[in-house]
Amino acid sequence: MKKFSALSILTEGLSGNKGWKPHWQSVDPKSQYEVVIIGGGGHGLATAYYLAKNHNITNVAVLEKNWIGSGNTGRNTTIVRSNYLLNESSRLYEHSLKLWEGLSKELNYNVMFSQRGVLNLAHSLQEIRDSKRRVFANKLNKIDAEWLDSNSVKKYCKIINTSKDSRYPILGATLQRRAGTARHDAVAWGFARAASNLGVDICENCEVTGLQIEKNKIVSINTTKGNINTKKIGIVVAGHGSVLARMAGIKLPLETHTLQALVSEPIKPILDCVVMSNAVHVYVSQSDKGELVIGAGIDSTNSYQQRGNFSIISGQMGSLLELFPIFSKLKMLRTWGGIVDVSPDASPIIGETPVKGVFFNGGWGTGGFKATPGSGWVFAHTIANNFPHKLADPFSLNRFYKGKLIDEHGAAAVAH
């Protein structure tokens, strides 16, 4: 009997591409791969795709310990934007946003990218100053950004509470019209199919148990499906990046936390943009299925647990109702937690490591999803050329030795 993976059934059914034959078999342990990507999430699959497409490196394997899209890629809150303050961050995220704008066409797969606009609210005089500073910085980097006063915010988002009598009155907001949302797991499926079509091998339910290092160089990977020989590896594992790095003897400056989120019961279309608030600490959008997607709460304690925390969730609900009293009678449909690696400056680590042939991409904190295509693009370039892409160069490990931190704490319109 012919066997089909869940991915082949899904993608053939959606695309009508009956001739597609996925490279979805177990990876041959005797094979010598030029590159092995550890992590079958959005970043890892994007890296494999761009290795094949941009650099003609198709002798690539992607290893995923569960199934494609089962980790953070399938449990994030879908926001895509590039309105970061610092030059290094905004340029990388803007490169990613430009890729998002043509991604469905390029992958021939609908990632449901919706440029509905993102509002970042200001509730105090200091937040007004900080927000306007970020608008000016964005414009200097040729990134679209606008400042709206309170009346304009109400006009753009009619159901938001702009009353001056509220506990945190809305004094204005920044607006990036090109920003919006995308379907989280569709991005993984799209990159997986496109990479597979280019010859990349993808192996699900294949957990990495060890890395074999000889003379400070990677030679093979131990997995639950056997040993795999390779010249290079890319570690792209959200939440467990430091664990994989330690297998190669590398200690990274990362902490792992659980990011809390939830969705409401489905309702008719009522919110046609993304609203984010640093002061009350919540962000919200509405999915195509009608659910309100709500997030912003991060557990202060270190944890690998992918589950909801009611104390965090209840705080988010209070913040949500401060902005949208109209949602007070909605019921929660489900809640979850996604584990994220956070670096000391809340910016990612992308590039080479002290071990030859071992490359690392992680530490994105809460900003990973929006960077997915851009991250894969620059990481593939770095692996292929043994030299960092110019957009990734500032995010190397060397910045911690040189003190050139990219401190986006609070600068990205979120407090974590």
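Placed above this text is the structure.
Computed from a predicted model, the values in this text were never measured in an experiment.

Cut-offs and rules
Residues numbered from 1 in each chain as written. Predicted model: local features only at pLDDT ≥ 70, side-chain atom pairs only at ≥ 80, totals over all residues. Heavy atoms only, no water. Pairing = 2+ DSSP bridges. Helix = DSSP H or I, 4+ residues; strand = E, 2+ residues; numbered from the N terminus. Axes fitted to C-alpha atoms, helices over the stretch in contact; angles between N-to-C directions. Buried < 20%, exposed > 50% of the residue type's maximum accessible area, 1.4 Å probe, protein only. Salt bridge = Lys/Arg side-chain N within 4 Å of Asp/Glu carboxyl O. Contact = heavy atoms within 4.5 Å. 1 Å grid on protein atoms, 1.4 Å probe; cavity = no way out; pocket = protein on both sides within 12 Å on 5 of 7 lines; lining within 4 Å. Points joined across faces, edges and corners; volume = space filled by probe spheres on them.

Q: Could you give me a rundown of the sheet that holds strand E15 (residues 292-302), with the residues and numbers involved?
A: Taken in spatial order, the eight strands of this open sheet run E5-E6-E4-E13-E14-E15-E12-E16, and their pairing is mixed. Lying at the two open borders of the sheet, with one neighbouring strand each, are strand E5 (146-149) and strand E16 (332-342). Adjacent strand axes in the sheet meet at a mean angle of 25°, parallel and antiparallel pairs treated alike. When strand E4 (residues 118-122) meets strand E13 (residues 274-277), the two strands line up parallel, connected through four bridges. Pairing of leucine 121 across the sheet is with serine 277, part of E13.

Q: An account of unusual backbone geometry is requested, with residue identities and associated values reported.
A: Positive phi is not limited to glycine here, since lysine 215 has a value of about 55°. In this fold, lysine 215 is placed in the loop between strand E9 (208-214) and strand E10 (217-223). On the basis of relative accessible area, lysine 215 is assigned to the exposed category, the value being 86%. The phi dihedral of histidine 281 is positive, around 65°, even though this residue is not glycine. Positionally, histidine 281 belongs in the loop between E13 and strand E14 (282-286). Its relative accessible area of 25% is what places histidine 281 among the partly exposed residues.

Q: Could you give an account of the pattern of salt bridges, naming the residues involved and the relevant values?
A: In the structure shown here, the tally under the stated rule is ten salt bridges. A salt bridge links arginine 178 to glutamate 101, with the nearest nitrogen and oxygen atoms 3.0 Å apart. Linking arginine 178 in the loop between strand E6 (172-176) and strand E7 (180-181) with glutamate 101 in helix H3 (residues 87-101), this pair joins segments that are 77 residues apart in sequence. Among the ionic contacts, a cluster of salt bridges with common partners joins Glu94, Glu101, Asp144 and Arg178.

Q: Summarise the pairing of E10; cite the residues concerned and give the values.
A: Burial of E10 is extensive: five of the seven residues sit out of reach of the surface. When E9 meets E10, the two strands line up antiparallel, connected through six bridges. Following the sheet pairing, glutamate 214 is matched in E10 by lysine 217. Remark: two residues form the turn of the hairpin made by E9 and E10, two consecutive strands paired antiparallel; lysine 215 in that turn has positive phi of roughly 55°. Bridge analysis of E10 against strand E11 (residues 226-235) gives four bridges, and the strand direction is antiparallel. Across the sheet, the residue bridging to serine 220 is asparagine 229, located in E11.

Q: Give me the side chain of threonine 162: which residues, what numbers.
A: In this fold, threonine 162 is placed in the loop between helix H6 (150-156) and E6. Every residue in contact with threonine 162, bar those within four places of it in the chain, is listed here: Ser150, Lys154 and Ile170.

Q: Quick rundown of the layout of surface pockets? Include the residues and the values.
A: There is about 370 Å³ of room inside the second largest pocket. Forming the boundary of the second largest pocket are 21 residues, of which Thr78, Arg183, His184, Ser287 and Val293 lie nearest the centre.

Q: Which residues make up the pairing of E14, and what values go with them?
A: With five of five residues buried, E14 is to be regarded as a mostly interior element. Side chains Val282, Val284 and Gln286 of E14 all project onto a buried face; the interleaved residues Tyr283 and Ser285 project onto the opposite face, where all are buried too. Both E13 and E14 contribute to a ladder of three bridges, which runs antiparallel. Its bridge partner being in E14, valine 275 is matched across the sheet by valine 284. Where E13 hands over to E14, the hairpin turn is made up of four residues, of which histidine 281 adopts a positive phi near 65°. Alignment of E14 against E15, held across four bridges, turns out to be antiparallel. Counted as the bridge partner of glutamine 286 is leucine 292 from E15.

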